[in-house]
Amino acid sequence: MCGRFTQHLSWEELQRLADLIGQPRNLRPRYNVAPTTTIEVIRPAPAGNELVQMRWGFAPSWWKKPLRELPATFNARAETIAEKPMFRSAFAVSRCIIPASGFYEWTGATGAKTPHYFTARDGFPLAFAGVCSACRDVESNASIESATIIVGPANSWMRSFHDRMPIILDWRDANAWLTGDDPGAWLRPAPEDALQEWIVSRRVNRANDANDDPTLIEPSVAPAC
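These numbers were taken from a predicted model, which means no experiment stands behind them.

Caption draft 1: Summary view of the overall build of the protein chain. Helices and strands together make up the secondary structure of the protein chain, namely three helices and 13 strands. Relative to the 2.2 N^0.38 estimate, which gives 17 Å for 225 residues, the radius of gyration of the protein chain is 17 Å and therefore close to what a compact globule would have. For the protein chain, the C-alpha atoms occupy an extent of roughly 45 × 40 × 35 Å along the three principal directions. Counting all 225 residues of the protein chain, 52% fall into the buried class. Within the protein chain, counting contacts between residues at least 6 apart in sequence, those at least 24 apart form 64% of the total. With the model as given, the accessible surface of the protein chain reaches about 10,700 Å², and the carbon-plus-sulfur share is 52%. The averaged location of the 25 negative side-chain charges in the protein chain is 6 Å from the averaged location of its 24 positive side-chain charges.

So this is what it looks like as structure tokens:
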């Protein structure tokens, strides 16, 4: 799964990687992104790819209940996304990329878990495969755009930490994923040498403004409480 990640990115860097259109803007650095918060998402548009903000936690277009009644939809399983009613329409016609600086996973026993931080070994942002949608919030009547990160079985290297991992695209395949005819072809584990990892502070366990700063991703030999 992928339940926490980071986005400390620049528009210019993403423009080079994903051929973004639109007005450049300053992107807020995020070091502890949690589900239901707002994230940056790349999606196709008629003139190119655009970077937009969405809710992390997928709400399909047909959802007619309050958003708080949604099941956990911040991840979608690669093995079933093409068939699950929650996601299948978006998988067919509304795919996106969630750019990430890195993500967290935990190891160890419940109550004493150790957080690990994962980033691209080559230093570039990660490109998480996702799907997105828009629905009408029945409580506010506002249009809500939302997205989920697709996860699949971990590669051999990642299985030392977790049995699942995000589907990580090569940026060169971004447009094929976003608008191609065979999205299932990209739902595969990342190469064995794609990621690097280090232990970080247990402060990342608490997702709030007080625990959202660059020190969260600094290496920690003995994670601090």
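Caption draft 2: Inspection of the pairing of strand β3 (residues 38-45) at higher detail. Both β3 and strand β4 (residues 48-56) contribute to a ladder of eight bridges, which runs antiparallel. Of the residues in β4, the one forming a bridge with E40 is Q53.

Caption draft 3: The state of the cysteines, seen in detail. This model, assessed by the stated rule, comprises zero disulfides. With no disulfide of its own, C135 has C132 as its nearest cysteine by sulfur position, at a separation of 12 Å.

Here is what the cut-offs are and how they apply
- Residues numbered from 1 in each chain as written.
- Predicted model: local features only at pLDDT ≥ 70, side-chain atom pairs only at ≥ 80, totals over all residues.
- Heavy atoms only, no water.
- Helix = DSSP H or I, 4+ residues; strand = E, 2+ residues; numbered from the N terminus.
- Rg over C-alpha atoms; globule rule 2.2 N^0.38 Å.
- Buried < 20%, exposed > 50% of the residue type's maximum accessible area, 1.4 Å probe, protein only.
- Contact = heavy atoms within 4.5 Å.
- Areas by Shrake-Rupley, 256 points an atom, 1.4 Å probe, with all protein chains shown as cover.
- Lys, Arg positive; Asp, Glu negative; His and termini not counted.
- Charge placed at Lys NZ, Arg CZ, Asp CG, Glu CD.
- Pairing = 2+ DSSP bridges.
- Disulfide = S-S within 2.5 Å.

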